[in-house]
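An overview of the molecular structure
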Amino acid sequence: MWRYIVRRLLQMIPIIIGISIIIYIIVHLVPGNFIATQMHNSHMTPAQIKHLEDLYGINDPVYIGYFKWIKGIVLHFDFGDSFMYRKPVTAVLGEFVKTSVQLALPAYIIEILVAVPLGIISATRQYSKTDMGLTVLAFIGISFPTFFLGLLLLKIFAIDLGVLPLSGIATAGVTYTGLAAVWDKVTHLILPVIVLSVVSIGTIMRYTRMSMLEVINQDYIRTARSKGLSERVVIYKHALRNALIPIVTLLGLTLPNLFSGAIITESIFGIHGVGWVSLKAIDQRDYPLMMGFCMFVAVVTLLCNLIADILYSLVDPRVKLK
């Protein structure tokens, strides 16, 4: 197991290098730059603006800028300094990731607890009214635009009914302690967590249904039923375990998608997480922060993929890690 993990981590190095090259080139193809954005209405002369662009390294050729950037990452784990916040990118991301984790983890847990059981129910009652109803709900959830669902929920629960906060992750200007602080945060997270999890619930549910249908029609499932085993044991002990491998793959890739997909959700609900700050970085052409966020999502995706591969061997002993 450890040899496999070490080998996979080493294999990630060239992948990350390739990703970093693509990220750097694409980010620097974005029109405009931080200095031009900030000084648009200023009275600075073109010479002064050019001096600032040289100071920030904006005018460096792409290959020189990339080698400076990658050298700092390799030697000092330094992704550069954010133009907007004037401090290291790692510090900025570390500060905002904490907020995003508070949003992403509850959404991820809810997705698993809701989508997988509903997918199993849908598969075991194939073509029934229950299956048709769950299928319709899944497609509605998948098709709903995130921004529209977020604004709709805000209109109903925050503005019309006034039962939930309008924005933020905590009440501004008020310092709660103990259970009051926990409850305050929970009420702020209810709507964004719903929005963030709805689309994934539909996708995971349909994927679970498909995977279960492939298994429950196998001969060994019919044999288990013929032995007199209860339907619960047949489904959850024999069928589900063999259907978990493709589900684990999807769940492994869902977590990093929550961070990258939270850009719209965090913006709608005024939550200052890593998605919100990355959108702000794009608007202000903060190149180091943009690239740092993209690298963060890439690394999280690779690590989650590795964890999913490891879980294969735990779910199905027939899978050998070499």
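For the structure, see preceding data.
A short tour of the structure in this document, coming up.

Before going further, it helps to spend a moment on a nonpolar patch on the surface. Taken together, F147, F148, L151, L152, I156, F157, L161, V163 and I264 make up a surface patch of nonpolar side chains, about 800 Å² in accessible area. Here the nonpolar patch takes six residues from helix α7 (residues 146–160), the largest share from any one element. Examined against the element boundaries, L152 turns out to sit in helix α7. Taking the relative accessible area as the measure of exposure, L152 reaches 33% and is therefore partly exposed.

Right, let's talk about the side chain of T187 for a bit. Mapped onto the elements, T187 comes out in helix α8 (residues 179–216). Overall, the relative accessible area of 13% leaves T187 in the buried class. A polar contact is formed between the side chain of T187 and the backbone oxygen of D184, at a distance of 2.7 Å. Those residues in contact with T187, other than ones at most four positions away along the chain, are L164 and P165.

In contact at an axis separation of 11 Å, helix α1 (residues 2–28) and helix α4 (residues 62–76) are set at 130° when each is read in the N-to-C sense. In terms of axis orientation, α1 runs oblique to α4. The element α1 and its partner α4 pack so that their crossing is right-handed. Residues I17, S20, I21, Y24 and I25 of α1 touch α4, and the partners they reach there are V62, G65, Y66, W69 and I70. For the contact of α1 with α4, the residue count by class is eight nonpolar, two polar and no charged.

One non-glycine residue, R86, lies in the positive phi region at around 55°. Checked against the element boundaries, R86 lands in the loop between α4 and α5 (89–124). For Y127, which is not a glycine, the phi torsion comes out positive at approximately 70°. Within the secondary structure layout, Y127 lies in the loop between α5 and α6 (129–143).

The next point concerns α7. Taking 1.5 Å as the rise per residue, α7 with 15 residues should run 21 Å; its terminal C-alpha atoms sit 20 Å apart, in good agreement. The largest bend in α7 amounts to roughly 30° and is located at L154. Of the residues making up α7, those classed as buried are L149, G150, L153, L154 and A158. In this structure, the buried residues of α7 make contact with α8 and α10 (231–268). Phi turns positive, to about 65°, at G162, one or two residues after α7.

Conventions adopted
Residues numbered from 1 in each chain as written. Predicted model: local features only at pLDDT ≥ 70, side-chain atom pairs only at ≥ 80, totals over all residues. Heavy atoms only, no water. Patch = residues over 30% accessible without salt bridge, like charges linked within 9 Å, V, L, I, M, F, W, Y side chains within 5 Å. Areas by Shrake-Rupley, 256 points an atom, 1.4 Å probe, with all protein chains shown as cover. Salt bridge = Lys/Arg side-chain N within 4 Å of Asp/Glu carboxyl O. Helix = DSSP H or I, 4+ residues; strand = E, 2+ residues; numbered from the N terminus. Buried < 20%, exposed > 50% of the residue type's maximum accessible area, 1.4 Å probe, protein only. Polar contact = N/O pair within 3.5 Å; in protein donor to acceptor, adjacent residues only side chain to side chain. Contact = heavy atoms within 4.5 Å. Axes fitted to C-alpha atoms, helices over the stretch in contact; angles between N-to-C directions. Parallel < 35°, antiparallel > 145°, perpendicular 65-115°, else oblique. Left-handed = near helix turned anticlockwise from the far one by under 90°. Nonpolar A, V, L, I, M, F, W, Y, C, P; charged D, E, K, R; others polar. Expected span 1.5 Å × (residues − 1). Bend = angle between axes of the 7 residues up to and from the residue.

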